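# Chain and residue survey
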Amino acid sequence: MLDIKLIRENPELIKEGCRKRGARVDIDRILDLDKRKRELMHKIEQLRSKQKELGSQTPLPLKKLKQIKNEIKKLEPLLKEKEEKLQELLLSLPNLPLEDVPEGKDEKENVVLRREGDLKRFDFKPKDYLTISEKLDLIDVKRAGKISGTRFGFLKKEAVLLEFALIKFTFDRLLKYGFSPIIPPVMLKPEMMEGTGHLSEKDRKEKYFIEKDQLYLAGTAEQPIAAMYANEILKEKDLPLRYLGFSTCFRREAGSYGKDTKGIFRVHQFDKIEMFSFCKPEESKQEHEFFLNLQERLMKEIDLPYQVVKICTGDMGFPAARQYDIETWIPSEGRYRETHSTSVCTDFQARRLNIRYRSKTGKLNFVHTVNGTAFAIGRTIIAIIENYQQKDGTIKIPEALQKYTGFSQIPS
RNA sequence: GGAGGAGUGGCCCAAUGGUACGGCAAGAGAUUGCUAAUCUCUGACGGUUUAAAAGCCGUCUUGUGGGUUCGAAUCCCACCUCCUCCGCCA
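Residues numbered from 1 in each chain as written. Chains lettered and ligands numbered in written order. Predicted model: local features only at pLDDT ≥ 70, side-chain atom pairs only at ≥ 80, totals over all residues. Heavy atoms only, no water.

The next subject is the overall build of chain A. A tally of helices and strands in chain A yields 14 helices and 18 strands. Principal-axis analysis of the C-alpha atoms gives chain A an extent of 100 × 45 × 40 Å. The buried share of chain A, reckoned over its 412 residues, is 52%. Taking the intrachain contacts of chain A between residues at least 6 apart in sequence as the baseline, contacts between residues at least 24 apart amount to 73%. (Helix = DSSP H or I, 4+ residues; strand = E, 2+ residues; numbered from the N terminus. Buried < 20%, exposed > 50% of the residue type's maximum accessible area, 1.4 Å probe, protein only. Contact = heavy atoms within 4.5 Å.)

Dropping the structure here:
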């Protein structure tokens with residue numbers, strides 16, 4: 001959520017930000033509602049003040065008090081209505097992009113910053129991961145389809161062990177940096193999901209919702225971790241407060257009919273290791289770069305070729321102020337595919353979730369939040385299978401992971 | 001799922017219809033002088049002022065939302081969370 005004071009004082013800045021992001025919003029309507037809300041509030045406060053004053057007199061002027069009471073009762077619903085409408089409009093505004101974010105309409109205008117890692121040379125025609133996996137019995141989407149429908153998969157045999165290895169490897173590497181390990185609940189109350197900024201009109205249909213219990217399934221551990229400190233006040237000395245979360249993620253993939261329909265690249269359920277940080281405003285940009293750096297370090301260590309992409313204003317996630325994606329080389333497709341994402345959300349999520357910290361001087365301030373993929377496991381396994389396939393049909397295990405898998409190739 | 005109990009500042013706790021008691025902890029300031037002590041201040045929000053603050057004005061704050069009342073922590077209704085027991089269960 002954006003600061004109403006900022007909107008009041010700087011409406012042009014907000015309008016410009018929304019325009020860049022391609023959000024159609026009526027800022028003037030918000031300003032008008034805000035003004036009328038404050039007027040009503042003032043009126044009601046005056047009445048209440050009067051009520052208190054008269055309430056201490058003896059004998060009680062009952063007639064006047066009743067009159068004031070009725071007047072307040074009449075105004076209160078009006079105020080509530082204004083507040084709710086204003087809140088609704090405020091929640092519909094996306095975060096403002098930081099200055100260095102490239103302006104653009106959609107993913108075509110994202111900017112590739114750099115490419116890292118040498119593409120593997122194959123002296124044979126590399127196969128796609130699904131062909132390899134089915135032959136080695138690592139992935140079964142046919143039976144998953146039978147029991148659950150499309151966009152599900154069984155992960156089997158060495159692929160499962162590879163997942164566990166990747167998890168242990170990642171936690172080993174990152175816990176050194178002050179991350180606290182965490183496994184969050186993957187079901188959230190609507191107001192918490194709303195607080196993360198992942199319930200915009202576009203995002204909403206992407207979520208699974210359990211009607212009977214009024215709970216959303218998390219699409220990423222970012223959501224429950226961000227909401228964890230809702231309505232709480234953190235201590236300045238605990239910041240940055242970093243979490244390394246593991247969770248299963250659920251996505252409806254509603255808008256992606258016909259896209260990546262084969263295999264497990266785009267599925268309704270996958271596991272992911274996610275970095276998250278609550279930090280001070282002045283350190284959030286640096287924290288964001290730090291997350292990107294960690295992502296790259298992990299990728300370099302398991303030696304997968306990738307490119308870093310700076311996401312343009314029109315393609316950023318709703319709560320993001322700046323976003324980088326990492327795309328990993330997939331030989332069978334001859335192109336880079338998205339495997340990681342990291343965003344700094346400034347105080348956008350913190351305002352919605354009311355997460356503040358008390359500074360040394362005692363002042364309350366909203367924290368900034370930063371999130372980033374450590375590894376989306378399904379897609380990483382895909383990338384490993386494709387990039388590490390051998391001529392004889394086996395798959396080599398990246399050296400850094402061998403210690404964790406206990407074998408150096410598949411079949412082992 | 002059933003029965004019972006409980007939710008008051010960071011923590012502990014008092015108040016049964018009339019200004020929310022007190023203690024502990026932590027932070028800031030002052031004083032003394034040395035491994036600390038003493039004293040003072042410290043809930044949130046809105047408005048106003050300001051370079052920023054202090055200040056000033058007001059409202060809100062006893063799990064949440066309603067209701068009764070001139071007035072609710074207190075009475076009524078619904079919901080949430082936690083605890084105990086029963087049932088079920090990895």
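Our next topic: unusual backbone geometry. A negative phi angle characterises most non-glycine residues, just as the trans form characterises most peptide bonds. For the bond from Leu239 to Pro240, the omega torsion is -5°, close enough to zero to count as cis. Positionally, Pro240 belongs in the loop between strand S8 (232-235) and strand S9 (241-250). Of the consecutive residues Ile410 and Pro411, the connecting peptide bond is found in the cis state with omega at 0°. Turning to its location among the elements, Pro411 is positioned in the segment after strand S18 (409-410). The phi dihedral of Lys157 is positive, around 45°, even though this residue is not glycine. As for its placement among the helices and strands, Lys157 is situated in helix H7 (residues 157-174). Notably, Thr346 is not glycine yet its phi reads approximately 40°, a positive angle. Topologically, Thr346 is positioned in the loop between strand S13 (335-344) and helix H12 (348-353).

Turning to its location among the elements, Gln389 is positioned in the loop between helix H13 (377-387) and strand S17 (395-396). Residues contacting Gln389, with those up to four places away along its chain left out, are Phe122, Phe124, Pro126, Lys127, Ile132, Ile384, Thr394 and Ile395.

Turning our attention to the sheet that holds strand S14 (residues 355-358). Spatial strand order, S8-S14-S15: three strands in an open sheet with mixed pairing. Of all strands in the sheet, those with a lone pairing partner are S8 and strand S15 (364-366), marking the two edges. Here the strands of the sheet are splayed against their neighbours by 40° on average, with no regard to which way each runs. As paired strands, S14 and S15 are joined by three bridges and run antiparallel to one another. Directly across from Arg356, in S15, lies its bridge partner Phe366. (Pairing = 2+ DSSP bridges. Axes fitted to C-alpha atoms, helices over the stretch in contact; angles between N-to-C directions.)

With that out of the way, let us pick up the domain arrangement of chain A. Per the domain assignment, the segments of chain A are domain 1 (4-91) and domain 2 (107-410). Computed over C-alpha atoms only, the centres of domain 1 and domain 2 are separated by 41 Å. (Domains from an automatic or database assignment.)

Quick look at the sheet that holds strand S7 (residues 215-217) now. The three strands lie next to each other as S5-S7-S6, forming an open sheet whose pairing is antiparallel. Where the open sheet ends on each side, the last strands, each with one partner, are strand S5 (187-188) and strand S6 (209-210). Alignment of S6 against S7, held across two bridges, turns out to be antiparallel. Bridging across to S7, Ile210 finds its partner in Leu215.

This next bit is on H7. Between its terminal C-alpha atoms H7 stretches 26 Å, which fits the 26 Å expected from 18 residues at 1.5 Å a residue. Glu158, Ala159, Leu162, Glu163, Ala165, Leu166, Ile167, Phe169, Thr170, Phe171, Arg173 and Leu174 are the residues of H7 that are buried. (Expected span 1.5 Å × (residues − 1).)

Counted by the stated rule, this structure contains zero disulfides. Left without a disulfide partner, Cys18 is nearest to the cysteine sulfur of Cys312, which lies 16 Å away. Judged by relative accessible area, which is 3%, Cys18 ranks as buried. Residue Cys312 is classed as buried on the basis of its relative accessible area of 0%. (Disulfide = S-S within 2.5 Å.)

The next point concerns the packing of H7 against H13. Orientation of H7 relative to H13, taken along the N-to-C sense of each, is 110°, at an axis distance of 10 Å. Relative to H13, H7 is oriented roughly perpendicular. As for how H7 packs across H13, the hand of that crossing is right-handed. Residues Ala159, Leu162, Glu163, Leu166 and Ile167 of H7 form the contact with H13, whose participating residues are Ile377, Thr380, Ile381 and Ile384. (Parallel < 35°, antiparallel > 145°, perpendicular 65-115°, else oblique. Left-handed = near helix turned anticlockwise from the far one by under 90°.)

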